[in-house]
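Given next are the chains, with one letter for each unit.
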Amino acid sequence: MSQIAVQNVSKAWGATRAVDNVSFEAAAASLLVLLGPSGCGKSTTLRLIAGLEQVSSGRISIGGADVTALPPAQRRIAMVFQSYALFPHLTVAENILFGLRVRKVPAAERTRRLARVAALLGLDALLARKPSQLSGGQQQRVALGRAIIAETPVCLMDEPLSNLDAQLRAEMRREIRTLQQKLGITMVYVTHDQSEAMSMADRVILMRDGKVEQAAAPDEIYARPATIFAAKFIGTPPMNILDTGGGVLLGVRPEDAALGDAGLPVRVQSSEFLGADTVVTCAYGNQSLTARVPGKAAYRAGDAVHAGWRPEHLHFFDAASGVRRDDVDANAATAIGLCFA
Amino acid sequence: MHGPETKLATAVVPPPRWRVSPQIHGWLLLLPASVLLATFTHFPAVATIIDSFYSTPKGRRAAVLVGADNYQAMLADPVFWRAVSNNIVYAASVIPLTMALALAMALWVNGRIPGRPFLRLSFFTPTVLPMIAVANIWLFFYAPGYGLLDQMLGALGVPTPNWLGDQHTALICLIAVAVWKDAGFFMIFYLAALQQVSPQLAEAAAIEGASRWYFFRRVTFPLLMPTTLFVLINAIINSFRLIDHVVVMTQGGPDNATALLLFYIYEAGFKFWDTAYAATLTVVLLALLAFFALGQFVVLDRRIHYQ
């Protein structure tokens, strides 16, 4: 099986360190998501794994073999690019078969594998077309087909869904995940979309400024964000961070906050009805607090209400470093009047 | 006619005093271009074809219809055949050499290499120079005895021919000048086309293990085909059209070894003042060029992928 190990990898261009001492591992046949805002180094990390860029320092191994110095073709990987990188003058079939032709796979074998991949991705009717005659979703499928026909144990994906519309994106998300599990591929998937990461990943590597901010399973990164950055990046709307003094910042997710008669006195600023629930934005002093309330809430701007939450839903962060603090007792917060069930 | 809407409309857009039908409007728009084309392209071309069936008017004797006499004389003219064969050899060497060199230079300066802007500039410089100046510079390179070539080869002890004075080398010398002059110009088109090719295509191919040559053959070159066609047409036209260097360097000599078709037309028309014969030769040149253009657009166009 092919697990991927990235050990103390850095990539510098002059004085800028795009990737700064990054380490993580992807278990075999798992889906690992590199998540972060644009410019955080996630795509560069992927390109380092692919061998399209050379590491400045550190070690990368795939399936136990050190591949740090190997060219891309010898790393036994496939890759899907954000722009799909389809060859515009070749038909869908020729695009998918490109790699097999390079490696001089016999014609019978090529035909067999093409038929299988085309059936798997629903491309049978499109094989004779050129990429320019396909929709964005179909082009995406062709790019996927070109990656999986290689039957490599590792597949790298660089923001593969960012050019698709919202509905298609949700569909492809499920499809890619199913495919990955069915074929038992080890997949590294780059995205800036936290909902994509949460819904697909076995493990999420959250990156910021070239460093790993947090590496954990999606449920853990949601339940126990390691830093304020992680807390704010995961979840929509992001976690409320309130400064109540004392060097500790208090975090509470909008879905854990309830509006009622007891708790922090806040003033409603706006409310946004989303169908299943309503996101109410309130002002607490000069700080902002959002609450996700089920159904259609009948609050209007200017209403005075109280915001409350249960002690176990509170997160504490160090005000100076932004790092999570588990040594703060939630009951102490209750005592000073910050928690209301 | 007297409704409120009509009044409003007339208040905003005053009715035109005179109306022009769309057909006349269209023809008026075409008029300037058609006048220029007819005066300077179509009329001279037709007049040339007509002239080729008449004798050359001389003094008090007007031109008389001579039928195909001019063409018969041409077919029997050994200098004409020499010019045709020279032009074929010239075109068949200059066109592929120029294009191959242009593509090679474009691929080179498209890569990440030190001094790239300087290289691009130096490749392009010959294009900026007038052909007359280029021919004069090369005249010095080829000069027997003290020329650059002779000095370099002489220092190595290699015996050198009289480059432009020898029937066997003169045409080759002109070919070298033409390739040197045009390759940089065509390189610009290839370079522009290469920069349209997404670098991710090369990365995708690299991951599949394609060698650079394989990628060039299967991807880059096919994607450059529209440019290649454009460059090919221009190279063909240039190989029949550009004869400044013949005038400056050899005057068609020695013994017509460097007489190209257009140079022979120029000699016939403006040196020997045999305008009817010059018209006849021009018709042949026109027919040749029309044949090439037709072939390119009809045959090649269908096989080319346009983005």
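Colleague: Teacher, can you tell me more about the domain arrangement of chain A here?
Modeller: Many authors give the size of an interface as the accessible area that is lost as the parts come together. Taken domain by domain, chain A consists of domain 1 (4-223) and domain 2 (237-335). One C-alpha centre belongs to domain 1 of chain A, the other to domain 2 of chain A, and the line joining them spans 38 Å.

Colleague: When you look at the pairing of strand β11 (residues 240-243) of chain A in this model, what are you seeing that I'm missing?
Modeller: Residues and elements named next belong to chain A. Relative to strand β12 (residues 248-252), β11 is paired through four bridges, and the arrangement is antiparallel. Bridge pairing links Asn-240 to Val-252 in β12. Hairpin connection from β11 to β12: four residues lie between these consecutive antiparallel strands, with Gly-245 at a positive phi of about 85°.

Colleague: Where do I start with the sheet that holds strand β16 (residues 287-294) of chain A in this structure?
Modeller: Hydrogen bonds along the backbone pair up the strands of a sheet, which may run parallel or antiparallel. Residue and element names in this part refer to chain A. Spatial ordering of the open sheet is given by β13-β17-β14-β15-β16, a layout of five strands whose pairing is antiparallel. Each edge of the open sheet is held by one strand with a lone partner, namely β13 (258-260) and β16. Going from strand to strand, the sheet's axes swing by 45° on average, the running direction of each strand aside.

Colleague: Looking at this structure, I do not really get the domain arrangement of chain B. What am I missing?
Modeller: Residues and elements named next belong to chain B. By the assigned domains, chain B splits into domain 1 (4-51) and domain 2 (70-303). A C-alpha centroid distance of 41 Å is found between domain 1 and domain 2. Residue-level contacts link four residues of domain 1 with six residues of domain 2. Both faces considered, domain 1 and domain 2 share a buried interface measuring about 340 Å² in area, 77% of it formed by carbon and sulfur atoms. Looking at the side of domain 1 facing domain 2, the largest losses of area belong to Thr-48, Ile-49 and Asp-51, adding up to 90% of the total buried there. Applying the counting rule to domain 1 against domain 2 returns zero salt bridges. In this structure, the connection of domain 1 to domain 2 is made through zero residue pairs in polar contact (both at pLDDT 80 or more). Its residues assigned to classes, the side of domain 1 that touches domain 2 comprises two nonpolar, one polar and one charged.

Colleague: Before we go on, may I ask you to explain the sheet that holds β11 of chain A in this structure?
Modeller: All names here are of chain A. Taken together, the three strands give an open sheet; going across it, the order is β11-β12-β18, and neighbouring strands pair in antiparallel fashion. Here the strands that pair on one side only, and so sit at the sheet edges, are β11 and β18 (315-318). Put simply, the sheet's adjacent strands are angled 30° from each other on average, direction ignored. Summarising the sheet, β12 and β18 pair through four bridges and their orientation is antiparallel. Each bridged residue has a counterpart across the sheet, and for Leu-249 the counterpart in β18 is Phe-317.

Colleague: Got a minute to help me understand the interface of chain B and chain A in this structure?
Modeller: Each side of the interface is counted separately: chain B has 18 residues, and chain A has 24 residues. Summed over both sides, the interface between chain B and chain A buries roughly 1900 Å², with carbon and sulfur atoms accounting for 65% of that surface. Inspection of the chain B/chain A interface yields three salt bridges. Seen at the junction of chain B and chain A, the total is five residue pairs in polar contact (both at pLDDT 80 or more). Mapped onto the side of chain B that touches chain A, the elements with two or more residues apiece are α9 (199-207) and α10 (212-223) of chain B.

Colleague: I would appreciate a short explanation of helix α5 (residues 166-183) of chain A in the present structure.
Modeller: Each full turn of the α-helix corresponds to 3.6 residues, which orients residues three or four apart in the same direction. All names here are of chain A. With 18 residues, α5 should reach 26 Å at 1.5 Å per residue; the first-to-last C-alpha distance of 26 Å fits that figure. For α5, the full list of buried residues reads Met-172, Arg-173, Ile-176, Arg-177, Leu-179 and Gln-180. Relative to the axis of α5, the buried residues are bounded by an arc of 160° and lie together on one face. For α5, the exposed residues lying more than 90 degrees away from the buried face are Gln-167, Arg-174 and Lys-182. Elements in contact with the buried residues of α5: β3 (31-35), α3 (107-121), α4 (136-148), β7 (154-158), β8 (186-191) and α6 (194-200). One or two residues past the end of α5 sits Gly-184, with phi positive at roughly 65°.

What counts as what
Residues numbered from 1 in each chain as written. Chains lettered and ligands numbered in written order. Predicted model: local features only at pLDDT ≥ 70, side-chain atom pairs only at ≥ 80, totals over all residues. Heavy atoms only, no water. Domains from an automatic or database assignment. Pairing = 2+ DSSP bridges. Helix = DSSP H or I, 4+ residues; strand = E, 2+ residues; numbered from the N terminus. Axes fitted to C-alpha atoms, helices over the stretch in contact; angles between N-to-C directions. Contact = heavy atoms within 4.5 Å. Buried area = accessible area lost by both parts, 1.4 Å probe. Salt bridge = Lys/Arg side-chain N within 4 Å of Asp/Glu carboxyl O. Polar contact = N/O pair within 3.5 Å; in protein donor to acceptor, adjacent residues only side chain to side chain. Nonpolar A, V, L, I, M, F, W, Y, C, P; charged D, E, K, R; others polar. Expected span 1.5 Å × (residues − 1). Buried < 20%, exposed > 50% of the residue type's maximum accessible area, 1.4 Å probe, protein only. Arc of directions from axis to C-beta.

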